[in-house]
Every structure is written in C-alpha cells, then in structure tokens.
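Understanding the architecture of this molecule
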Amino acid sequence: MILYPAIDIRDGKAVRLAQGDYERETAYDDDPVVAARRWAEGGARWLHVVDLAGAKAGEPANLEHVRRIVAAVDVPVQLGGGLRDSKKVEEAISAGVERVVLGTAAVRDPALAEAVASAHGDRVVASIDTRSGKVAAEGWTEESDLEVTAAVAALGERGIRRFVYTPVEVDGLMEGPDLASLRRVAEAIDGEVIYSGGVGSIDDLRELTGLGLENVGGVIVGRALYERRFTVAEGQAALE
C-alpha cells in the first residue's frame, strides 16, 4: 500500500480544507513546490495534487504550479481538479502528470470517462467523493442522488480500474478514516481503490491495512503530514 501525500492548491498556496468546505481552509505552504520537495525528500513514492480552484471553477486554474512541481521532484504526480473534458485532460498530461483524476466529469459524463480511459488506460483515475453515502460533485459543493456503489460499478463497466474514494464527512478532521464505507466501496469495485479522508495517526494507517482489503492500494494523507503527526517514511512503513 502506498502513501500519497496530498498537495491541494488554492490561490497559489498548499492548503487543506475541512470536510470539503472552502470557508474552512488552512494554508500550510506559500508555494506548493516547497511541499512537493518536502514530501519527495521524505520518501514519497507518489504525490496527489488537487487544483481546488479548478475543481470549483470547472477547469484547471493551477497548471503552471503543477508544471513547477513536476519539474522540481523526481516523483510521479496524479492530478485532479477541473478536468472535465478531453482537452483539459490532455493539457494536464502535457504538464507532465502521470495520472489524471476525473471527479465531476466521471460522475456526470460516464461516456467521457470511458473515452478518456480508452485513450489513456491506467493513467486515468475516477474520484468518488461522498456525503452520507451519496456522490458529491462540483468541487464537493453539490450532492447528487447517486449511490456510491452504483457509481463505481457503472464506471467499472466503462473501463475505469482505479478509484480515489473520499467520504467528505471525515476529510481534513484527522479523527479517523471511515472504515465501514471503505469496505463497502472496495467490495463494489473491480480494480484498485486509493482511500482518502480522516487519517490523523499511524494507528489509523494500521487500521486501514488491518482491513485486509487486497484492492486498497494506497492512502492519501494531507493535514496529518503538514501538522507533523508522523512523517512520510513512518507512514509508509506502517502501510507495509
């Protein structure tokens, strides 16, 4: 299982939100490249970058910062936020990212997700973010009536084989992951799950590995790393 340090970019800074609320933002680094270098030097195998402004606006807003991150570290990057058509996906890949993460586009336009997956294979990830078991979209600002297990099953039929799953209620709080919902989602997916949300300690990481879910291949961690609850190396060791 791989630890993915999170770098969420807004107004040119590395920030974190609480429960996806743009009004509950904490800024940690004035330059996201500083965060990228810190995590890479600490032993990160991947970086998970989110263009928060792009997620809200519906198109990428921080690709220049993404290019700078890619140039600054020798670690593969997966990028999400505002990638809602094929052109934007191509722009992200041209910026140097290894994987593109489709959020709203994957939920609202499964045909687009299928086309992007057909073109780029396992470089495509679908982000499934939920509130109360229902899929959230538009940078987590809107909810739908779509059940999470139905969403992942439908995308699996479209050729998506890797998913980021985030229960928004626990995200950014560091009060523990939602293990029960992760189990339900992992069992519904024919492919890999990367979990995100609520991790605040090494014990939380051990609980995730203790589930014994073979298709959970990674965990995204943000605030706990920024606030030095544990290091990247310690987190990766716990996952192994």
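Heads up: the structure comes first, above all this text.
Here is what the cut-offs are and how they apply
- Per chain, the residues get numbers from 1 upward, laid out in the order the sequence is written.
- Under the rules for a predicted model, residues below a pLDDT of 70 receive no local features and side-chain atom pairs below 80 are neither given nor counted, while totals for whole chains, interfaces and linings still include all residues.
- Only heavy atoms go into the side-chain values, all of them from the structure, while hydrogens and water stay out.
- A fitted line through C-alpha atoms serves as each axis, taken over the contacting stretch for helices, and the angle formed by two N-to-C directions is quoted from 0 to 180°.
- Secondary structure elements are defined from DSSP: runs of H or I of at least 4 residues count as helices, runs of E of at least 2 residues count as strands, and each element is numbered from the N terminus.
- Angular relationships are summarised with four words: roughly parallel below 35 degrees, roughly antiparallel beyond 145, roughly perpendicular across 65 to 115, and oblique for the angles in between.
- What makes a crossing left-handed is the near helix being turned counterclockwise from the far one by less than a right angle; a clockwise turn instead makes it right-handed.
- Any two residues whose heavy atoms approach within 4.5 Å at even a single point are treated as in contact.
- Three classes are used, and their members are as follows: Ala, Val, Leu, Ile, Met, Phe, Trp, Tyr, Cys and Pro are nonpolar, Asp, Glu, Lys and Arg are charged, and the others, Gly among them, are polar.
- For the exposure calls, accessible area comes from a 1.4 Å probe over protein chains only, and a residue counts as buried if that area is under 20% of its type's maximum, exposed if over 50%, partly exposed in between.
- Working definition: rings of Phe, Tyr and Trp (its six-membered ring) pair if their centres are within 6.5 Å, and the pair is stacked with planes under 30 degrees apart, edge-to-face with planes over 60 apart, and tilted otherwise.
- Both a distance and an angle decide whether a charge sits over a ring: NZ of Lys or CZ of Arg must be within 6 Å of the ring centre and within 35 degrees of the ring normal.
- DSSP bridges decide pairing: two strands pair if at least two such bridges lie between them.
- Looking down the strands as they point away from you, a crossover is right-handed if its path from the first strand over the helix to the second goes clockwise.
- Residues grouped as a nonpolar core are buried Ala, Val, Leu, Ile, Met, Phe, Trp, Tyr and Cys residues, joined through side-chain atoms within 4.5 Å.
- Arc definition: it is the arc formed by the directions from the helix axis to the C-beta atoms.

1. Comments concerning the packing of helix α7 (residues 148-157) against helix α8 (residues 179-188)
At a closest axis distance of 9 Å, the pairing of α7 and α8 adopts a crossing angle of 30°. What the angle tells us is that α7 and α8 run roughly parallel. You can see that α7 and α8 cross each other, and the crossing is right-handed. Mapping the contact onto sequence places V148, T149 and V152 in α7 and R184, V185 and A188 in α8. When grouped by side-chain class, the residues that make up the contact of α7 with α8 number four nonpolar, one polar and one charged.

2. Quick notes on the environment of L102
Along the chain, L102 turns up in strand β6 (residues 99-102). According to the relative accessible area criterion, L102 is buried, its value standing at 1%. As for L102 and V124, which are separated by 22 residues in sequence, their C-alpha atoms are 7.4 Å apart. Other than its neighbours up to four places away in sequence, L102 contacts L83, V89, A113, V116, V124, V125, A126 and S127.

3. A short note on the packing of aromatic side chains
Inspection of the entire model under this criterion finds four aromatic pairs. Ring centres of W39 and Y226 lie 5.1 Å apart, and the angle between their planes is 85°; this geometry places the pair in the edge-to-face category. Of the two residues, W39 is situated in helix α1 (residues 32-41) and Y226 in helix α10 (residues 223-226); the sequence distance between them amounts to 187 residues. Per residue, the accessibility class of W39 equals that of Y226, and both read buried. One cation-aromatic arrangement involves R38 over W39; the distance from NZ or CZ to the ring centre is 4.5 Å.

4. Looking at the environment of A136
By secondary structure assignment, the location of A136 is in strand β8 (residues 134-137). For A136, a relative accessible area of 5% corresponds to the buried category. With 30 residues separating them along the chain, A136 and A106 place their C-alpha atoms 11 Å apart.

5. With respect to unusual backbone geometry
If you check the backbone angles, M174 has positive phi at about 60° while not being a glycine. Looking at the element boundaries, M174 is found in the loop between β10 (162-167) and α8. A relative accessible area of 9% places M174 in the buried class. The backbone of R228 sits at a positive phi, close to 60°, despite the residue not being glycine.

6. Things to note about the pairing of β10
Most of β10 sits out of view: six of its six residues are buried. Of the two faces of β10, the one lined by R162, V164 and T166 and the one lined by F163, Y165 and P167 are each fully buried. Relative to β10, strand β7 (residues 124-131) runs parallel, the two being bridged by five bridges. Paired with A126 across the strands is F163, a residue of β10. In the sheet, β10 pairs with strand β11 (residues 192-196) via four bridges, with the strands oriented parallel. Residue pairing across strands places V164 opposite I194, the latter belonging to β11. What joins β10 to β11 is α8, and the crossover it makes is right-handed.

7. Description of the nonpolar core
Counting residues in each nonpolar core, the largest one holds 68 residues, and the members touching the most others are I7, L47, I69 and L205. When near neighbours in sequence (up to four residues on either side) are disregarded, L47 contacts P5, I7, A36, W39, I69, V73, V75, P76, V77 and Q78. Judged by nonpolar contacts, the second largest core, of eight residues, contains W46, V101, V164 and I220.

8. Concerning helix α11 (residues 232-239)
Of the positions making up α11, those classed as buried are V232, G235, Q236, A238 and L239. Buried residues in α11, looked at end-on, bunch into an arc of 160°, giving them a common side. Residues of α11 that are buried make contact with β1 (2-10), α1, α9 (202-210), β12 (216-221) and α10.

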